[in-house]
Amino acid sequence: MKLAYWPGCVSRGFTAELHGSMAITAEKLGIELVELDRANCCGAGIIAEHNQELADTLNARTFALAQETGLAMMNICSTCQGAQSECQQRLDADSAYRAHINEVLSGQGLSYEKGKGGWTNKNFLWVLVEDYGLDKLAEKVVRPLSGLRVGPFYGCYVVRPKERLGYDEYPDRDLYLEKTIEALGGEVVEYDGARKCCGFPVITMNRETSLRQAGTHVGDAIDAGADCLVTPCPLCHLNLDMQQPEAAKIVNRDLGLAVLHLPQLVGLALGAEPKQLGMSKHIASTGWVEERLAGTPA
Amino acid sequence: MAEYTLRVRRYQPESGEAAYWEEFQVELDPSLSVLDGILQARDRDDGSLSVRCSCRAAICGSCGMKINGESGLGCKTQIGEAQELADKQASVGEGSSEGNTIVVEPMGNMPVIKDLITDMESTHWTKIRRVTPWLLPHGEPPEREYVVEPESMIDITQSMACIQCGACVSSCLSMEADPDFIGPAALAKAYRFVGDPRDAETKERLHDLANDPHGIYDCTHCFSCIDACPKGVAPMDQIMRLRRRAGEEEIHDVNNGENHVNAFVKMIEKKGTNDEALLLQESYAPGIKGKLKPTKGAIKGLLGSLPVAIRGIKTGKMRSLPKLIPGVHPKLPDGAQDEVKAIYAHAEEHREQFNIYIKGEEEVEPEPDEKETV
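What counts as what
- Along each chain, residues carry numbers from 1 onward, in the same order as the chain's sequence is written.
- Each chain takes a letter, starting from A, and each ligand takes a number, starting from 1, following the order in which they are written.
- Where local features are concerned, this predicted model is filtered to residues with pLDDT of at least 70; where side-chain atom pairs are given and counted, the filter is 80 or more; whole-chain, interface and lining totals use all residues.
- The side-chain figures draw on all heavy atoms in the structure; neither hydrogens nor water molecules are used.
- A run of DSSP states H or I qualifies as a helix once it reaches four residues; a run of E qualifies as a strand once it reaches two. Both are numbered from the N-terminal end.
- Here's how the labels work: a residue is buried when its accessible area is under 20% of the maximum for its type, exposed when over 50%, partly exposed in between, all with a 1.4 Å probe on protein chains only.
- Residue contacts follow a heavy-atom distance rule, with two residues in contact if any of their heavy atoms lie within 4.5 Å.
- To be clear on the numbers: accessible area is Shrake-Rupley with a 1.4 Å probe, and residue cover counts the displayed protein chains and nothing else.
- The charged-residue count follows a simple rule in which Lys and Arg add positive charge and Asp and Glu add negative charge, with His and chain termini not counted at all.
- Throughout, a charge is located at the NZ atom of Lys, the CZ atom of Arg, the CG atom of Asp or the CD atom of Glu.
- In this analysis, a patch consists of residues with relative accessible area above 30% that form no salt bridge, clustered at 9 Å for like charges and at 5 Å for the nonpolar side chains Val, Leu, Ile, Met, Phe, Trp and Tyr.
- The working definition used for a salt bridge is a side-chain nitrogen of Lys or Arg within 4 Å of a carboxyl oxygen of Asp or Glu.
- By buried area we mean the combined loss of accessible area, with a 1.4 Å probe, across both parts when two parts are placed together.
- All residues other than Ala, Val, Leu, Ile, Met, Phe, Trp, Tyr, Cys, Pro, Asp, Glu, Lys and Arg, Gly among them, are scored as polar; the first ten of these are nonpolar and the last four charged.
- Pairs of N or O atoms are called polar contacts if they sit within 3.5 Å, as long as, within protein, a hydrogen donor faces a hydrogen acceptor (for residues adjacent in sequence, only side-chain-to-side-chain pairs).
- For two strands to be treated as a pair, DSSP must find at least two bridges joining them.
- Residues enter a nonpolar core if they are buried and are Ala, Val, Leu, Ile, Met, Phe, Trp, Tyr or Cys, with the set joined through side-chain atoms within 4.5 Å.
- The convention used is that axes are lines fitted to C-alpha atoms, helices contributing only their stretch in contact, and that angles between N-to-C directions extend from 0 to 180 degrees.
- We call two directions roughly parallel when the angle between them is under 35 degrees, roughly antiparallel when it is over 145, roughly perpendicular when it lies between 65 and 115, and oblique otherwise.
- Paired rings are identified among Phe, Tyr and Trp, the last through its six-membered ring, by centres lying within 6.5 Å, and are further divided according to the angle between planes into stacked (under 30 degrees), edge-to-face (over 60) and tilted (the rest).
- For a helix, the expected span equals 1.5 Å multiplied by the number of residues minus one.

Engineer: Report on the overall build of chain B, specifying residues and quantitative values.
Structural biologist: Regarding its fold elements, chain B presents 18 helices and seven strands. Within chain B, buried positions represent 48% of all 374 residues. In chain B, of all internal contacts separated by at least 6 residues, the share reaching a separation of at least 24 is 63%. About 18,200 Å² of surface is accessible on chain B, with carbon and sulfur atoms providing 52% of the total. Distance from the positive charge centre (43 side chains) to the negative charge centre (62 side chains) of chain B: 9 Å.

Okay, here's the thing in structure tokens:
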């Protein structure tokens, strides 16, 4: 399997361990990634808030760069998925609007074409379940995550709005994390926050609202007996992991729950070592996860 | 006809007991609604089972409730579909994949009066009144009706479709964390007047909503209200349009909302990808290097992020110059940054808004040879 790859900004910034672990995990899965290093930020919904046409054109450029490679595109960030799907929905809705957007891209030798060769833009989670296949994934597991209790945390942007995110065609997309955890041999922990908001989008505007959300979900997962959370969204990771000690102050309780990026969880089951996967860079210690898995060496 | 089990969250205040769950067996056609199922249970099993309803056709907005955890109208949710969702939710983990109970609860983020009846006054209506939901024109009223161009009203038709059912309020994840958040229904209503050409206090309205700590910048962008709304109002989209209008009016709000948007937009023009250190600094204190004095709130915000940075340096997460020093972050390579700048020049000139709600999607897929070749 060969895919055009948009890693996003945060995966190469404050959560650089995500970018690194994706490379290791992709190799173990046998997925070849062609990184789009000329592509730009998706705008994270913020640029669309300022100027919709600007966000649509910036993302049309990324799509056009991916289409140039002749490959389907994969991202590793729920927020990129949501922000890009929003722009793609508008671009695909109307040929006159698309032509207007393509006007500026044509000056750069680029063009975004609707549905060109069945072109898709999918999060790693969707690729894993829909294209790679969970049976094939399960076959690759060399260190089953037996006994590891994992709480899924999706990130809003791959869960809602359902109509825009292809749930008509793939109605189970909001169960893929559970299915993936099970395919890796882990145990799914049910708790209230799995499909709720981490609060990150308002961290600079209303810190308390933001961290109360993060702290509540981490606390609920701990109460449900989770050993760790797993998320396909690096922005959720910032609030759930990097801000976790601050969130603990807001919800006034002890937290201390490891939060893994999806490629890290997959990588662990495929035999990669925690340090290789950058888990030591996390703020909330991943030591407990490593202890739980110590009995099942790769 | 099919059999269903409704698991209903009940609360009878006169009993003095806490809320509890009760299951009702109902038998009806899958195409009928969850509300029909509740009414059947009330008729056959327990006349005290309380629910608010009237039109049964998604017009009156009375029967807002949570069905399998999702906020919506009881009359607009087919019981067969509710069963499918219940089975789907139970299909992972230890659950079974059929015959699960359909869970029915009163709406969230509101006090419960009895069973499925919530107190809409204390949250929903109070917040609706908070946004001054009536026209504020200036000058003497015209002798006859106000005349406006139809095009200028199209922009606000989406927010006018609201039936005040409260489903968006029930689903709002910001309100869960901050009960004082003005919320999706009231802010969508606010846009209905901000966008109305007859209203003369647009700026005042935007100042008010931007500077309220629980106003437009308290929305956490979770899309819950978009999925909950039975009428396609997309309240979150209306909140984003309020933010866009506030930005155009250059309203420097106390929540750093406008700063954050401006900082983000400028940063991508310069660098192409997110320079997190610069974004943090500029969101709290734009122009800290010279022109402007940072506010007290900005200094507090910047200081508040220091412990996070120190922890990041310790684990190695932030142990590099671009992650610590604003502006060191590299540009896109090989002329790509100039392409991004060209896009900015074009889009900032046109600022086109394409609203799918109004324009709709093209129905017919053009033939390959008819596709525009741009």
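Engineer: Please give an account of a nonpolar patch on the surface that cites residues and values.
Structural biologist: Residue and element names in this part refer to chain B. Together, I313, L321, L324, I325 and V328 give the surface a local cluster of nonpolar side chains, amounting to about 390 Å² of exposed area. One can find V328 in the loop between α16 (321-324) and α17 (336-350). What makes V328 partly exposed here is its relative accessible area of 40%.

Engineer: Describe the interface of chain B and chain A, with residues and values.
Structural biologist: Across the boundary between the two partners, chain B contributes 75 residues, which contact 87 residues of chain A. At the boundary of chain B with chain A, total buried surface from both sides reaches about 7,200 Å², with 57% on carbon and sulfur atoms. The largest contributions to the chain B side of the interface with chain A come from K317(B), I343(B) and F354(B), which together make up 10% of the buried area. At the boundary of chain B with chain A, the tally comes to seven salt bridges. Linking R38(A) and E339(B) is a salt bridge whose minimum nitrogen-to-oxygen distance equals 2.7 Å. For the side of chain B that touches chain A, the secondary-structure elements that each account for two or more residues are α7 (173-177), α10 (224-228), α11 (235-248), α12 (257-271), α13 (276-284), α15 (306-315) and α17 of chain B. The greatest single-element share of the side of chain B that touches chain A, amounting to 10 residues, is contributed by α17(B). Classifying every residue of the side of chain B that touches chain A gives 31 nonpolar, 22 polar and 22 charged.

Engineer: If you had to explain the side chain of K88(B) to someone new, which residues and values would you point to?
Structural biologist: Mapped onto the elements, K88(B) comes out in helix α2 (residues 79-90). Among the residues examined, K88(B) registers a relative accessible area of 18% and is labelled buried. One polar contact links K88(B) to D174(A), side chain to side chain, over a distance of 2.6 Å.

Engineer: Can you tell me about the sheet that holds strand β8 (residues 258-261) of chain A, naming the residues and giving the values?
Structural biologist: Residue and element names in this part refer to chain A. The strand order β6-β5-β7-β8 describes an open sheet built from four strands, whose pairing is parallel. With one partner strand each, in any of the chains shown, β6 (187-188) and β8 form the two edges of the open sheet. Here strand β5 (residues 149-152) pairs with strand β7 (residues 228-231) via three bridges, running parallel. Within the sheet, the bridge partner assigned to V150 lies in β7 and is C228.

Engineer: Could you give me a rundown of the nonpolar core, with the residues and numbers involved?
Structural biologist: Of all hydrophobic cores here, the largest spans 79 residues; its most connected members are I47(A), L240(A) and F264(B). The leading source of residues in this core is helix α3 (residues 52-69) of chain A, at eight residues. Those residues in contact with I47(A) that sit more than four places away from it in its chain are Q52(A), L54(A), A55(A), L58(A), F264(B), V265(B), I268(B) and Y344(B). With 49 residues, the next largest nonpolar core counts V150(A), L165(A), A269(A) and A272(A) among its residues.

Engineer: Lay out the pairing of β8(A) with the relevant residues and their values.
Structural biologist: Residues and elements named next belong to chain A. Neither face of β8 is open: one carries A258 and L260, the other V259 and H261, and all of them are buried. Where β7 lies against β8, four bridges are found, and the strand directions are parallel. In the strand pairing of β8, L229 is matched with V259.

Engineer: An account of a positive patch on the surface is requested, with residue identities and associated values reported.
Structural biologist: Residues and elements named next belong to chain B. Together, K266, K270, K331 and K341 make up a positively charged patch on the protein surface. Among the structural elements, K270 can be located in helix α12. Overall, the relative accessible area of 52% leaves K270 in the exposed class.

Engineer: An account of the packing of helix α11 (residues 244-251) of chain A against α15(B) is requested, with residue identities and associated values reported.
Structural biologist: Think of two packed helices as two axes; the pair is described by the angle between the axes and how far apart they sit. Relative to each other, α11(A) and α15(B) sit at 140°, their axes nearing to 9 Å. One element, α11(A), and the other, α15(B), form an angle in the oblique class. Between α11(A) and α15(B), the contacting residues are P245(A), E246(A) and K249(A) on the first element and P307(B), V308(B) and R311(B) on the second. For the contact of α11(A) with α15(B), the per-class residue count stands at three nonpolar, no polar and three charged.

Engineer: Talk me through the packing of aromatic side chains; I want residue IDs and the actual numbers.
Structural biologist: Counted according to the given criterion, the structure contains five aromatic pairs over all chains. Between Y97(A) and F354(B), the ring centres sit 5.0 Å apart and the planes meet at 20°, which makes this aromatic pair stacked. A residue pair is termed interchain when its members come from two chains, as with Y97(A) in helix α5 (residues 95-106) and F354(B) in the loop between α17 and α18 (356-359). The exposure class of F354(B) is buried, given its relative accessible area of 4%.

Engineer: Any chance you could break down unusual backbone geometry for me, citing the residues and the numbers?
Structural biologist: Look at the link from R160(A) to P161(A): it is a cis peptide, with omega at -10°. Note that P161(A) resides in the loop between β5 and α8 (176-183).

Engineer: Give a detailed account of helix α9 (residues 207-223) of chain A, specifying residues and quantitative values.
Structural biologist: For α9(A), spanning 17 residues, the distance from its first C-alpha to its last is 24 Å, which sits close to the expected 24 Å at 1.5 Å a residue. When we look at burial in α9(A), the residues that qualify are T209(A), S210(A), L211(A), Q213(A), A214(A), G215(A), H217(A), V218(A), G219(A) and A221(A). Looking at the buried side of α9(A), the elements it contacts are β7, α10 (234-242) and α11 of chain A together with α7 of chain B. Phi turns positive one or two residues past the end of α9(A), at G225(A), with a value near 90°.

Geometry only, nothing functional implied.
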